[in-house]
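The residues making up each chain are set out below.
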Amino acid sequence: MNIVIVGHVDHGKSTIVGRLLADTGSLPQGKLEQVRQQCENNSKPFEYAFLLDALKDEQAQGITIDSARVFFKTSKRHYIIIDAPGHIEFLKNMVTGAARAEAALLVIDAKEGVQENSCRHGYMLSMLGIKQVAVLVNKMDLVSYEEDVFRQISQQYQEFLEKIGIQATCFIPVSGREGDMISERQENLSWYFGKTVFEILDEFHKKDIDENLPLRMPVQDIYKFTKFQDDRRIISGTISTGTVNVGDEVVFYPSGKKSYVKSIEMFNQPAVPGIGAGYAVGLTLTEQIYVKRGEMLTAFHGHPPEVTSRIKVNLFWMGRAPMELGKTYHLKLGTMKVPVEIEKIEQVLNASNLDSTDTAQKIARHEVAKCILKMPRAIAFDLADRISPTSRFVIVDQNNISGGGIIYEALEDAQSQVRQMVIERNYRWIMSNISREQRFERYGQKAALILITGRRDAPRKEIARALEERLFMQGKLVYFLGIGNVIHGLDADLTNDPDTHPEHFRRLAEVANIMLNMGTILIITAIELQKSDLEIIHTSIDDDQIKTVWVGDEDSSSGMADLHVAEHSPREQVVEKILELIHTNLSS
Amino acid sequence: MDHLTELENKSIYILREAYANFKNLCMLWSIGKDSTVLLWLARKAFFGHVPIPLVHIDTAYKIPEMIEYRDRLTREWHLNMFYGQNQAALAEKQTFPDGQVDRLRCCRLLKTDALKSTLEGTGPRFRFNHDKDLYEEYTGTESFTGVIVGIRSDEEGSRSKERYFSPRDKESLWDIGDQPPEFWDQFNTDFSEGTHLRIHPLLDWTELNIWEYIKKEGIPTVSLYYDQGKGTRYRSLGCYPCTLPVESTAKNVDDIIEELRTGKFSNIAERSGRAQDKDDGGGLETLRREGYM
Ligand SMILES: Nc1nc2c(ncn2[C@@H]2O[C@H](COP(=O)(O)OP(=O)(O)O)[C@@H](O)[C@H]2O)c(=O)[nH]1
């Protein structure tokens, strides 16, 4: 069982861990004597905390700088104690440690009382979803083992915990240095009749495996290893919640694509008919639908996840630079990674005293905030009060995980309606026996949609024709479709007023979707595509197939174009650039 | 789910994350029990395949049986096997004890430096050709920027501070105080130009877990780990001049598990047979900062 130990610096965490090790006989032989000897040589008083200071520079700094893992066992079971640092700069190490834990020991110095980090760490435990917390009021020897001191600190801290909605498992008066109430009860605390630290450890229960919740499995990868004539196409991932069985009808989100589980793959193990949360599995499907890393596998006959690009969250920030409005970050949830921005900061909270402000423009290090986040495309997730594991995300700022949070509300976005239609279409998609891969192999290419757009007088169509010709001559399956061909035919029933604008693009995207399914390289031209138009297309089609080319100077697609070409660049050169852009599609 | 199964599934998840996120990935295989368990976990993660190149640093002082075992599994499991060597240092006899340098310097040259140049592609690399059944000098120049390593946090102090995904800068330096956080199964899989990543899927395993897993899965191991009748066995494998066997009559996996469970070794560090750890106070820590695993 993983236990994290947290608390304000110098309140005695390392000392208590040192005690736990010594009292359980978990130290290497001679270690205790060795450390005692070292202390004597350096004329320093012996500290139980030194037992942990395995690293040179850590001793030099005199503080625990990272969450170290320490192993020990009681008569009941094995423990890994994750020793988190108390120094304020090192909150990220505490989070790293605490997130692996099933229960926590939170240490408060009886003499100093509740401090900034006693509260901050408590808050972080609640954000991380750790429900079992034993509060140890340490250094009771310094307050003459007074019951009143203990009562008062317990009560004060209890009030804080109530405000953030957690309930301590218990409060224990201890002395790490003297060894009171760690493994043994002693006279000093004869007024205390509760559990010792050892007893409470053995009473913490293992995290429930979430098998009874609806099925969620973030797709980690699709494997097709051809060595040894292996022709399996395996969807891999670790089941987050629920169970999956051979024969189950499963749906992937955000796409809404559906299939049945054909087999559960194993290596060096007999096949199983079903498997549950916590297992790293591999599934083959009856239909070879196109899914990719980042999607979430769910059961068709189960509670569906939320799918949207706008979310209300509660997040904590650990980055050195604050999280700011107008800046792009990445959000990772399950195996999905998408760009993200803050749309609105609703409230910022100082986690150590619960002071809040609702006019903040940024979220500083160690602050907690309620805010609205928006992403350029939808993700699949759950709400914290329903299925918590798939409501948790982290924020990446320039390569580093810098924040984390939970989603508590799904908000509508401009694509909600179109998205619902697409999901519905994918639910009901009628399968063929020819797989996408087979088509790619036959045509020697991967399907792609090249959108050529730009100002009214830009030579979009000329470029499209030249590109089509070039690819056709190379033997590719390619088709040029001017948007007019759809507007005056398929869209003949639609008027030309702005209201119908989205519907034109939805229909265009549906036509494109079918042609991409055929394996075609499709070239579409349209005048000045707007961001909202592109979003409709991206919502309707697997968006890794789309490449947008903007011809001319102005760019109303605001950054969504993959390639910009000058209006008057030589045609041949433009064609070359586009071919370069899609070069991975030109072989199967 | 029992503890061993939990460890197994967590490690598989990490291996798959590594594979999904990095192009130039490799896995260090020291031939020892830990990295062999790691290799086995890769076969589990990828359903019998090992789509990641394996790298062995051959100091030329490895016990011969280790090399035989390496090549046997390479053939049987169709591994994409590479080895690297500091041939210059060997030629100049910059070795211990038969050369002119001390243990630590020998380690630095034959392991740390060899590893660095093998990963970077600046030193000689040899790759097993399965058709010809022999090693050939590898002419590719790409460097491995993601390195999967089978270290465990119970092995030794400095290892208990590791992350599962740990960025190292150009010089392979490890900034222990300032590592980005890792939680909710989210790892730091992005890194800037010039840095590379160490990935540690076995961090939460103990020595006992390793042996229990070897037994559960029937993973083949080198016989050096077992007593062959002389009352000694190796607990940790390294170079023969610097690795001493421990006293033990454990003849098979069951005996070893029994030995570890009953705590015969609970008071002796696992690497105590490795002489280089003792040569200076934080010897391993120094080597580790420089990139030695
Ligand atoms: N008197 C007394 N001092 C203690 C006790 N526990 C820890 N200390 C002292 O408090 C200081 C900080 O302890 P340490 O364990 O390093 O704190 P950490 O920063 O929370 O890990 C050290 O000097 C310890 O000796 C205790 O129970 N009683």
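A. Focus on the overall build of chain B. Looking only at helices and strands, chain B has eight helices and ten strands in total. Sequence separation of at least 24 residues holds for 71% of the intrachain contacts in chain B that already meet a minimum separation of 6. Accessible surface, chain B: about 10,700 Å² in total, of which carbon and sulfur atoms supply 49%.

B. Layout of the packing of aromatic side chains. Considering all chains together, one arrives at 30 aromatic pairs over all chains under this definition. Taking 5.1 Å as the distance between ring centres and 70° as the angle between the ring planes, the aromatic pair formed by Phe 128 of chain B and Tyr 135 of chain B counts as edge-to-face. For Phe 128 of chain B, a relative accessible area of 5% gives the class buried. Here the aromatic rings of Phe 183 of chain B and Trp 184 of chain B are separated by 5.2 Å at their centres, their planes lie at 70°, and the arrangement is edge-to-face. What links up through ring pairs into an aromatic cluster is the set Tyr 223 and Phe 225 of chain A together with Tyr 19, Phe 46 and Phe 47 of chain B.

C. Structural detail: helix H4 (residues 91-99) of chain A. Counted residue by residue, H4 of chain A has nine buried out of nine residues, so it is predominantly covered. Looking at the buried residues of H4 of chain A, the elements they touch are strand S1 (2-7), strand S3 (78-83), helix H5 (116-128) and strand S15 (306-317) of chain A.

D. Region of the structure containing the side chain of His 11 of chain A. All names here are of chain A. Mapped onto the secondary structure, His 11 falls in the loop between S1 and helix H1 (13-23). For His 11, a relative accessible area of 0% gives the class buried. Setting aside residues up to four positions removed in sequence, His 11 forms contacts with Val 107, Ile 108, Asp 109, Glu 112, Gly 113, Gln 115, Ser 118, Asn 138 and Lys 139.

E. Region of the structure containing the sheet that holds strand S24 (residues 448-454) of chain A. Residues and elements named next belong to chain A. Across the sheet, which stays open at both edges, the five strands sit in the order S25-S26-S24-S27-S28 with parallel pairing between neighbours. Bordering the open sheet on either side are strand S25 (478-482) and strand S28 (563-565), each of which pairs with just one other strand. Each strand axis lies, on average, 20° off the axis of its neighbour in the sheet, ignoring direction. Across three bridges, the pairing between strand S27 (residues 546-551) and S28 is parallel.

F. How the structure looks around the site of the ligand. Residue and element names in this part refer to chain A. The environment of the ligand is formed by 17 residues, the closest being Lys 13, Ser 14, Thr 15, Glu 47 and Asp 141. The separation between an oxygen atom of the ligand and a polar main-chain atom of Asp 10 is 2.8 Å. Here Gly 12 contributes a backbone N or O atom positioned 3.0 Å from an oxygen atom of the ligand. Considered on its own, the ligand offers 570 Å² of accessible surface; in the complex 86% of this is hidden by protein. Counting residues per element, the shell around the ligand draws most heavily on H1, which supplies three residues. By residue class, the composition of the shell around the ligand is three nonpolar, eight polar and six charged.

G. Examining the confidence of the model for chain B more closely. Residue and element names in this part refer to chain B. With 84% of its residues at a pLDDT of 70 or more, chain B shows a mean pLDDT of 83. At the level of individual helices and strands, chain B shows its lowest average pLDDT in helix H8 (residues 283-289), which scores 50, and its highest in helix H2 (residues 33-45), which scores 96. Contacts for the low-pLDDT stretch residues 278-283, under 50 throughout, to residues beyond four places or in other chains number nine contacts. Our summary of model confidence lists the complex with pTM equal to 0.86 and ipTM equal to 0.88.

H. Geometry of the pairing of strand S1 (residues 25-28) of chain B. Residues and elements named next belong to chain B. Side chains Leu 25 and Met 27 project from S1 onto one buried face, and the interleaved Cys 26 and Leu 28 project onto a second face that is buried too. Examined bridge by bridge, S1 and strand S6 (residues 146-148) share three bridges and lie parallel to one another. Paired with Met 27 across the two strands is Ile 148, which belongs to S6. Judged from the two bridges that link them, S1 and strand S2 (residues 54-57) form a sheet pairing that is parallel. Pairing of Met 27 across the sheet is with Leu 54, part of S2. Read as a crossover between parallel neighbours, the route from S1 over H2 to S2 is right-handed.

I. Main features of the confidence of the model for chain A. When pLDDT is averaged across chain A, the result is 88; 94% of the residues are at 70 or more. Note on residues 54-67 of chain A: pLDDT under 50 across the span, and 46 contacts to partners over four residues away in sequence or across chains.

J. Fine view of the packing of helix H6 (residues 207-217) of chain B against helix H7 (residues 253-261) of chain B. Residues and elements named next belong to chain B. At a minimum axis separation of 10 Å, H6 and H7 run at an interaxial angle of 155°. Our classification of the angle between H6 and H7 gives roughly antiparallel. The interaxial crossing formed by H6 with H7 has left-handed handedness. Every residue of H7 that contacts H6 at Glu 207, Leu 208, Trp 211, Glu 212, Ile 214 and Lys 215 is listed here: Val 253, Asp 254, Ile 256, Ile 257, Leu 260 and Arg 261. Broken down by class, the residue content of the contact of H6 with H7 amounts to seven nonpolar, no polar and five charged.

K. Representation of the nonpolar core. If you look at the biggest cluster of nonpolar residues, it comprises 78 residues, and the most contacted ones within it are Trp 29, Val 37, Ile 148, Phe 165, Ile 199, Trp 205 and Trp 211 of chain B. Those residues in contact with Trp 211 of chain B, other than ones at most four positions away along the chain, are Lys 33, Thr 221, Tyr 225, Tyr 226, Val 253, Ile 256, Ile 257 and Leu 260 of chain B. The next biggest cluster of nonpolar side chains, apart from the first, holds 77 residues, and it includes Ile 3, Leu 91, Ala 168 and Ile 200 of chain A.

L. Layout of the pattern of salt bridges. Residue and element names in this part refer to chain A. One pass over the structure, following the stated rule, counts 50 salt bridges over all chains. Glu 409 serves as the salt-bridge partner of Lys 312, at 3.9 Å between the closest nitrogen and oxygen. Linking Lys 312 in strand S15 with Glu 409 in strand S23 (residues 400-411), this pair joins segments that are 97 residues apart in sequence. Residues participating in the shared-partner salt-bridge network are Asp 491, Asp 493, Glu 503, Arg 506 and Arg 507.

Rules and cut-offs
- Residues numbered from 1 in each chain as written.
- Chains lettered and ligands numbered in written order.
- Predicted model: local features only at pLDDT ≥ 70, side-chain atom pairs only at ≥ 80, totals over all residues.
- Heavy atoms only, no water.
- Helix = DSSP H or I, 4+ residues; strand = E, 2+ residues; numbered from the N terminus.
- Contact = heavy atoms within 4.5 Å.
- Areas by Shrake-Rupley, 256 points an atom, 1.4 Å probe, with all protein chains shown as cover.
- Phe/Tyr/Trp six-rings, centres within 6.5 Å; stacked < 30°, edge-to-face > 60°.
- Buried < 20%, exposed > 50% of the residue type's maximum accessible area, 1.4 Å probe, protein only.
- Pairing = 2+ DSSP bridges.
- Axes fitted to C-alpha atoms, helices over the stretch in contact; angles between N-to-C directions.
- Near = heavy atom within 4 Å.
- Polar contact = N/O pair within 3.5 Å; in protein donor to acceptor, adjacent residues only side chain to side chain.
- Nonpolar A, V, L, I, M, F, W, Y, C, P; charged D, E, K, R; others polar.
- pLDDT = per-residue confidence, 0-100.
- Right-handed = clockwise from strand over helix to strand, strands pointing away.
- Parallel < 35°, antiparallel > 145°, perpendicular 65-115°, else oblique.
- Left-handed = near helix turned anticlockwise from the far one by under 90°.
- Core = buried A, V, L, I, M, F, W, Y, C linked by side-chain atoms within 4.5 Å.
- Salt bridge = Lys/Arg side-chain N within 4 Å of Asp/Glu carboxyl O.

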